[in-house]
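What follows is each chain in one-letter form.
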Amino acid sequence: MLNGKTILLGVSGGIAAYKAAAICSKLKQAGADVRVIMTESATRFIAPLTFQTLSRHDVIVDTFDEKDASVVSHIDLADRADLVVVAPATANIIAKMAQGLADDMLSTTLLATTAPIFVAPAMNVHMYGHPAVQANMRTLADRGVRFIEPGTGQLACGYVGKGRLEEPEQIVAAIERFFADRKLLQGKKLLVTAGGTVERIDPVRYLTNDSSGKMGFAIAEAARSMGADVTLVVGKASAALPEGIRTVRIESAQDMLEAVVSRMPDTDILIKAAAVADYRPAEQAKQKIKKQDEEMTLKLVKNPDILQTIGSLKTHQYIVGFAAETERIDEHAIDKLKRKNCDLLVANDVTQEGAGFGTDTNVVRIYDNNGLVEALPVMSKLEVARNLLVHVAERIKKGDKAN
């Protein structure tokens, strides 16, 4: 799985640095080309010569120690990496990453790379639980950094608790799973809708909702990392658009329907994560409506049901719907899945803490025709997206589709 992959291993200064030698060795044995960057503090715990011997490459510590005049080392390494792993990751390097600091070779390279990043924290239990450390990790997770959680047990400082670097075998297994996942949707064309729709009252006023687009954007990014050819159809959104993904901008529910239906024949997977307005004004004023009476009556008419429409039109497509609920989630979700001919449906209680519009996390339940498939705890929307897409990929592989 790792043959031909260049993995950049960042080693920061903690007692667990000795375990990084085993990580380096196991990655090398698995076929990876391992390049090691150490912080100055890390060299106090383990010698660079150890990693040089294991990786068969020079180990870089000093930003200004340029061994090859034809390249700038931190840029060359950042560009060459297929994956960056920071293990152990101290509270200090995590803080640098979160704040975008670049004052040594490792932090500078981390800021320059566009490769996926894994972080394996290791520190005292109280340090790990400190609000500042937790906030920094949430910031990084929101940016797409993946964490390999530390284990619980006897720590070098004498405490017993969470903070011990995960075992090298488990870290390498997580890396192998990552590269395996990148092939899960290879060759599949995936379309995802995101954000809210805008229904114009007049040229300056409209009806909409609080959707930020974050869930749909997370699905688009996760699908791309799994090898899919992704198209994003997006309406009104407050979150930043993901870079490098084919994007179609729309405004109204009718616009979104047309954009989706026209692309359906060439789509394998369709995920409708957008929050579409159920109603629109019966008439759209061509000029700004002036304030006159004490009251104003606005007549609304029903918008087309996008999910139901694509469910009725589907042939080979695998369709996933979303449902934002406030009560009787299981009942409403299964009913919606069957009425709209979905293959999977993702539902959440938007009144629950950590879920709903605008949040960086979500709490969802995934259903198929037989009922609940999985209930996910509070996790980042990117992690929700990854979990959902693994279900989709596995079911497509088995030929599991609703009729």
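This is a predicted model, so every value here is computed, not measured.

Asker: How should I be thinking about the nonpolar core in this particular structure?
Answerer: Soluble globular proteins tend to bury their nonpolar side chains together. Judged by nonpolar contacts, the single largest core of 37 residues is most densely connected at Leu-185, Leu-190, Val-192, Ile-219, Ile-271, Leu-388 and Leu-389. Among the elements of the structure, β8 (189-194), α9 (214-225), β11 (229-234), β13 (269-272), β16 (318-325), β17 (344-349) and α13 (381-398) are those that each provide at least two residues to this core. Once residues lying within four places of it in the same chain are set aside, the contact partners of Leu-190 are Leu-185, Ala-223, Ala-228, Asp-229, Val-230, Thr-231, Ile-269, Ile-271 and Leu-389. Counting residues in hydrophobic clusters, the runner-up holds 33 residues, among them Ile-7, Phe-51, Ala-120 and Leu-165.

Asker: Is there a simple way to explain the packing of helix α3 (residues 73-80) against helix α5 (residues 105-112) in this structure?
Answerer: If you want to describe how two helices pack, look at the angle between their axes and the distance between the axes. Two elements in contact, α3 and α5, have axes separated by 8 Å at closest approach and are oriented at 50°. The orientation of α3 with respect to α5, classified from their angle, is oblique. Here α3 and α5 pass one another in a crossing that is right-handed. Between α3 and α5, the residues in contact are Ser-73, His-74, Ile-75, Leu-77 and Ala-78 and Met-105, Thr-108, Thr-109 and Ala-112, respectively. Tallied by class, residues from the contact of α3 with α5 come to 5 nonpolar, 4 polar and no charged.

Asker: Help me understand the UniProt feature "binding site: CTP" (unreviewed entry) in the protein chain in this model?
Answerer: Within this numbering scheme, the UniProt entry marks Asp-278, Lys-288, Pro-304, Asp-305, Ile-306, Leu-307, Phe-322, Lys-336 and Lys-340 as carrying the feature "binding site: CTP" (unreviewed entry). Maximum C-alpha separation among the annotated residues is 37.8 Å over a sequence range of 63 residues, too wide for a single clustered spot. Dropping the residues within four chain positions of it, Lys-288 is found in contact with Asp-202, Pro-203, Val-204 and Arg-205. Structurally, Ile-306 can be placed in helix α11 (residues 306-313).

Procedures and definitions
- Residues numbered from 1 in each chain as written.
- Predicted model: local features only at pLDDT ≥ 70, side-chain atom pairs only at ≥ 80, totals over all residues.
- Heavy atoms only, no water.
- Core = buried A, V, L, I, M, F, W, Y, C linked by side-chain atoms within 4.5 Å.
- Buried < 20%, exposed > 50% of the residue type's maximum accessible area, 1.4 Å probe, protein only.
- Helix = DSSP H or I, 4+ residues; strand = E, 2+ residues; numbered from the N terminus.
- Contact = heavy atoms within 4.5 Å.
- Axes fitted to C-alpha atoms, helices over the stretch in contact; angles between N-to-C directions.
- Parallel < 35°, antiparallel > 145°, perpendicular 65-115°, else oblique.
- Left-handed = near helix turned anticlockwise from the far one by under 90°.
- Nonpolar A, V, L, I, M, F, W, Y, C, P; charged D, E, K, R; others polar.
- UniProt positions renumbered as here; feature names shortened; annotations may be inferred.

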